[in-house]
Structure formats: C-alpha cells, structure tokens
Amino acid sequence: MTIFHISAECFPIAKVGGLGDVVGALPKYQNKLGETSSVIMPFYNNKFTHSHTFKKVFSGRFNLGRTFNFDILTLEDNTLGYDLYLVHIPELLYTDYVYSSNDTERFLGFQIAALDWLVQLKTLPDIVHCHDHHTGLIPFMMSQSYAYHKLRNTPTVITIHNGQYQGWFSHNKIHLIPPFDFSKAGLLDWKHLINPLASAIKCAWKVTTVSPNYMEELKFAANGLEDLLRYESGKCVGILNGIDDKVWDPATDDSLIKNYSVKTANSGKKVNKEWLCKEFNLNPELPLFAFIGRLVGEKGADLLPEIFNNSLYHKNLSIMMLGSGDAVVEQELDRLKNQYPGFYNTYIGYNERLAHILYAAADFLVMPSRVEPCGLNQMYALRYGTVPIVNKVGGLKDTVEDFDNSGFGILHDGATVQEGSFAIHRAINFYNDTDRFKKNRNLIMKIDHSWDSSAQVYINLYNSLIL
Ligand code: GLC
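All of these numbers come straight from a predicted model, not from anything done at the bench.

Chemist: Help me out: how do you make sense of the overall build of the chain in this one?
Modeler: If you tally the helices and strands in the chain, you get 16 helices and 17 strands. Radius of gyration (C-alpha) of the chain: 23 Å, near the 23 Å computed for a compact globule of 467 residues. Along the first, second and third principal axes, the C-alpha set of the chain runs to 65 × 45 × 45 Å. Across the 467 residues in the chain, those meeting the buried criterion constitute 61%. Once local pairs closer than 6 in sequence are excluded, the contacts in the chain between residues at least 24 apart make up 71%. For the chain, the accessible surface area stands at approximately 18700 Å², while carbon and sulfur atoms represent 50% of it.

Okay, here's the thing in structure tokens:
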C-alpha cells in the first residue's frame, strides 16, 4: 500500500522536537515491512536543504488571497530509507525556522500544495497520514473541497503528538480554504474559531495519539477538545511511539566518545561520563543527572531551578542541563552555575551530538513533565543504560515502572518541586546500591522500544480502513 505522511518536521531534514524523530523513523520501518511509505514536508532554508541536491517532480500554483507558485522537490540521492517530497513555496516556507507567528498562511499553503500534487498523481495514495495541527485541515479538504473530490475515498489518519496546540484561526480567513459546500463549515469549527486539530478529529477516518495513556488523559484535559474526543472515541486509539534503533544505538552511535553494548556498558558509559565531566567541569565520581529538552511549562522546566537547587545543596551529585526555551528559566538555570561550580553546568541551546553523548554519560535522566504525549527521551535513556526519573503522566506512565515496584526507573506522582526533589533523593540511594544499580543498567538496555512492533500496528490500522 502507498502511504504518505504529511508533517511540518522530519528528522534529519528539520526537527524541533519528538514529532521530527517520529516522522523520520516510522516510514522507514513501514517500508521495511513491505509497504511504500513516504514523507511530504516543507522545503525550509536550512543545513539539510543547502547540503543536498533536489530534482523537481511537479510545479503548480494556488490561491491564498493571491497567487503563490510552488514546486514539489525530491532528493537526487536518497539514503533516508523512504521517499521524501519537499513542498517549496519560496514566499511562505523557505525560512530558517519551522514555526513562527504567521503559521496559518504558511501551513495552509503547505497543505494545499501537497494536495494539489497528490490529487493529480496517476496512482492515488492508499492512506494519507497527517501529524499534528499543521496538517489538520487535510482530512477536511480531502473530504469536502471540490478540487480534491478524487481523494474523497482515500482514508485519512491524524496523529496527535501534542494536543495543546491546535492551530486556531478566525473565521474571517475561511475563504483561504479551497471552495467547499458551505453547509459543511461546521466541520472546521470549534468554539467559534476554525480549529485545524478539532477539524482533523472530526474528519479523519482514525485519530491516534502517541501513547495509550495520553488518549485517556485527553478525554479529561485537551485544551478544550475533551468533549469532542469523548464523542469521537470510537475512532480513537493510542499507539505507543517507537525509537529509531539505528540512530539510537550506543554500540554504533558515531556521536559517542566510546561505543558500548550491554556487556561493556559500565566501562563504556564511564569513558563518556569522564569526557563530559571534563568538558563541563563536573565531578565524574558522583552520580550524573541530566535534563535534555525544551525549557517549557509542559516539560516542567520551570521546576528545574528549584529541584536542582534542593538537590545540589548536599553536593553529592552532578547535574548537566541541555536545552533552551523560556528566557526566564534559561536565566535561572544559568545562574545556578555560580552557586555550584564543579557540580552543575548548562548548555543553553540545541545540540544533537551533545544530547547523544549526554544520554551515554549520564546515570539518570530527569523528566518532570506536566504533559508528555509519549516522550522519546526516556526511551533513548533506557537504550543508553540511563535510568529515567519521570512524572507519572502520558506516555511516561506507559513506559516507566518504579524500581521499588519491581520496575527499573523512578516514578513520581505529580510535577512539583517536592516530588521532583524527593525522586532525585531516591535515585541517589538507588545509585549507591551498586550491584543492583549495575544489574538494572543491563536490564534497561535490553528493553525493546524499536519501531518494529508499532509500525505494524499502524499498518493494521490502515488495513482496517482499506479492506
Ligand atoms: C511531542 C510530544 C512528545 C512525543 C513527540 C513524538 O513532541 O511532546 O511527548 O514523544 O511529540 O510523538
């Protein structure tokens, strides 16, 4: 079957968060299972597009208040493991960022151009799989816009990676959507706004979230969409994300200072830890705690300065923080450096290579998230023999079990400073139980979170729509 994933992000072309990782991996595994799975995404002005050459497969123009020209480009030389189609709209999408404040027009243009191309293909797709609100109007347009009537019977799937953001815009922009029977305008609306995510939940043939527990949570907390999700629950299902176990393999990861397998984990991790501690002036003899991610409220980042301060007071651990986001949190986290030199350091920014080294070097990864639809970092940590310390929410609850409850990680109940600080205290005791800690390290590295099984679950879902 031919599957097209449509997304704003796809690693390694452009990644802001986990969405990019998922869209960069899932199609690869679907192809491995014998399907033809491809990705359609914007052509951004970035390192990837500068360093590759492309050929044009289609050109078109569409109206979005005025006329825009676009090309569909594909790679000359493709080693990604799936076909990649890039929507090049110079005036809207060729930017050095993925998201901005002008995203209604940018992503509407993207979705229209993608459909203009798909609808004229000789062989129409079997499945169109959309990701998050940036592609949320596609199920509506495919089923309602006259221009796409040929795609009316093609099943659509929307995956919610993050239900907080919904892409709302005012009804006075409704004319930007390619013409449709106006009596169907209600399919675009939620609470007097055009809401692309709500529209996708109404119009897609299936709605998935990136973990089963997150689907249940959304029925009670979905930034206004709770009732809609409950109403549509018959077509909703949670499917746990996997990780790309080729990119995330400590035995072959070329970002690491030293590669290691389950057997050589203790010595291998030690070399990475010593390198990192030297580089960032930390004490390698102490348990090393890491935070990696965006510094936003959803990730509980605002709790970190106080949690870290409480824990560092005892000077029996090292902490390395890698991430960027909220400017106030960034400042607070940076300020702590003066208080605890030799025990604490930060790298404010995005650095994929350093993230890989940090997963390998650290003993623990902290994730005090308030909302975590799936969370990939805890799965990367496990594969690198690093114990996740997580708030019991979303996909974290589906993937981590507490070591005091015959599990292997550390769970806390609530995103609060007290809970987070106490979890770190428990972690240090765990670390000091050396034999148990080392056995646990070997155990977690063997947990299989690769995409193999989830990629198949998606294929079964598609089949249920086609047959
Ligand atoms: C979003 C979510 C994260 C999830 C990722 C991939 O970034 O916040 O929890 O793992 O999407 O689905």
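Here the narrative resumes.
Chemist: Would you explain the sheet that holds strand β10 (residues 206-209) in this entry?
Modeler: Neighbouring strands of a sheet are bound in pairs by backbone hydrogen bonds; such pairs are parallel or else antiparallel. Pairing is mixed across the open sheet formed by 9 strands, whose spatial order is β3-β4-β5-β2-β1-β6-β7-β10-β11. Bordering the open sheet on either side are β3 (54-64) and β11 (236-238), each of which pairs with just one other strand. Each neighbouring strand pair of the sheet contributes to a mean axis angle of 25 degrees, computed without reference to strand direction. On the sheet, helix α5 (residues 196-203) packs against β7 (156-160) and β10 and is oriented at approximately 135 degrees with respect to β7.

Chemist: Would you explain the nonpolar core in this entry?
Modeler: One recurring pattern in soluble globular proteins: nonpolar side chains tend to sit buried together. Core analysis: the largest hydrophobic core is formed by 89 residues, its most contacted members being L276, F289, F308, Y344, Y359 and F364. Each of domain 1 (2-242 + 452-466) and domain 2 (265-448) gives at least three residues to this core. In contact with Y359, not counting residues within four places along its chain, are W248, K269, I292, L365, N377, Y380, A381, Y384 and T386. Listed in part, the 78 residues of the second largest apolar core include L86, F107, Y148 and L225.

Chemist: When you look at helix α3 (residues 103-119) in this model, what are you seeing that I'm missing?
Modeler: Over its 17 residues, α3 runs 24 Å from end to end, which matches the ideal 24 Å to within 8%, given 1.5 Å per residue. Most of α3 sits out of view: 17 of its 17 residues are buried.

Chemist: How do you make sense of the packing of aromatic side chains when you look at a structure like this?
Modeler: What characterises a pair of aromatic rings is the spacing of the ring centres plus the angle enclosed by the ring planes. Throughout the structure, instances matching the rule amount to 25 aromatic pairs. On the numbers, 6.4 Å between centres and 80 degrees between planes, the contact of F107 with F110 is edge-to-face. With F107 and F110 both in helix α3 and 3 residues apart, this pair spans about one turn of that helix. Taken individually, F107 and F110 each receive the classification buried, so the pair is uniform in this respect.

Chemist: Sorry, what's going on with the domain arrangement of the chain here?
Modeler: A common measure of how large an interface is: the accessible area buried when the components associate. Under the domain assignment used here, the chain contains domain 1 (2-242 + 452-466) and domain 2 (265-448). Each of domain 1 and domain 2 has a C-alpha centre, and the two are 33 Å apart. Contact with domain 1, which involves 19 residues of that partner, is made by 16 residues of domain 2. The junction of domain 1 with domain 2 conceals about 1400 Å² of combined surface from both sides, 55% of it contributed by carbon and sulfur atoms.

Chemist: Honestly, the UniProt feature "domain: Glycosyl transferase family" (unreviewed entry) in the chain in this entry has me stumped. Any pointers?
Modeler: In the numbering adopted here, UniProt assigns the feature "domain: Glycosyl transferase family" (unreviewed entry) to residues 279-440. What you have in residues 279-440 is 43% helix and 20% strand, and the ends, taken at the C-alpha atoms, are 28 Å apart.

Chemist: Please explain the packing of helix α14 (residues 417-432) against helix α15 (residues 434-445) as it appears in this structure.
Modeler: The relative placement of two packed helices is expressed as an angle between their axes plus a distance between the axes. Orientation of α14 relative to α15, taken along the N-to-C sense of each, is 95 degrees, at an axis distance of 5 Å. The orientation of α14 relative to α15 falls into the category roughly perpendicular. Residues F430, Y431 and N432 of α14 touch α15, and the partners they reach there are T434, R436, F437 and N440. Taken together, the residues of the contact of α14 with α15 sort by class into 3 nonpolar, 3 polar and 1 charged.

Chemist: What exactly am I supposed to notice about the packing of helix α9 (residues 304-312) against α14 here?
Modeler: One can describe the packing of α9 onto α14 by two numbers: an axis separation of 9 Å at closest approach and a directional angle of 40 degrees. Of the possible angle classes, the one that applies to α9 and α14 is oblique. Seen along the crossing, α9 lies across α14 with a hand that is right-handed. For the pair α9 and α14, the contacting residues are E306, I307, N310 and S311 in the first and V417, G420, S421 and I424 in the second.

Chemist: Sorry, what's going on with the site of the ligand here?
Modeler: Contacts to the ligand come from G18, L19, V22, H161, V210, N241, K299, E372, P373, C374, G375 and L376. One of the side-chain N or O atoms of K299 is found 3.4 Å from an oxygen atom in the ligand. A distance of 3.4 Å is found between an oxygen atom of the ligand and a backbone nitrogen or oxygen belonging to P373. For the ligand, the protein covers 95% of the area, taking 310 Å² as the surface of the free molecule. Residues of the shell around the ligand, tallied by class, amount to 6 nonpolar, 4 polar and 2 charged. Two domains each donate at least three residues to the shell around the ligand, and these are domain 1 (2-242 + 452-466) and domain 2 (265-448).

Rules behind the numbers
- Residues numbered from 1 in each chain as written.
- Predicted model: local features only at pLDDT ≥ 70, side-chain atom pairs only at ≥ 80, totals over all residues.
- Heavy atoms only, no water.
- Helix = DSSP H or I, 4+ residues; strand = E, 2+ residues; numbered from the N terminus.
- Rg over C-alpha atoms; globule rule 2.2 N^0.38 Å.
- Buried < 20%, exposed > 50% of the residue type's maximum accessible area, 1.4 Å probe, protein only.
- Contact = heavy atoms within 4.5 Å.
- Areas by Shrake-Rupley, 256 points an atom, 1.4 Å probe, with all protein chains shown as cover.
- Pairing = 2+ DSSP bridges.
- Axes fitted to C-alpha atoms, helices over the stretch in contact; angles between N-to-C directions.
- Core = buried A, V, L, I, M, F, W, Y, C linked by side-chain atoms within 4.5 Å.
- Domains from an automatic or database assignment.
- Expected span 1.5 Å × (residues − 1).
- Phe/Tyr/Trp six-rings, centres within 6.5 Å; stacked < 30°, edge-to-face > 60°.
- Buried area = accessible area lost by both parts, 1.4 Å probe.
- UniProt positions renumbered as here; feature names shortened; annotations may be inferred.
- Parallel < 35°, antiparallel > 145°, perpendicular 65-115°, else oblique.
- Nonpolar A, V, L, I, M, F, W, Y, C, P; charged D, E, K, R; others polar.
- Left-handed = near helix turned anticlockwise from the far one by under 90°.
- Near = heavy atom within 4 Å.
- Polar contact = N/O pair within 3.5 Å; in protein donor to acceptor, adjacent residues only side chain to side chain.

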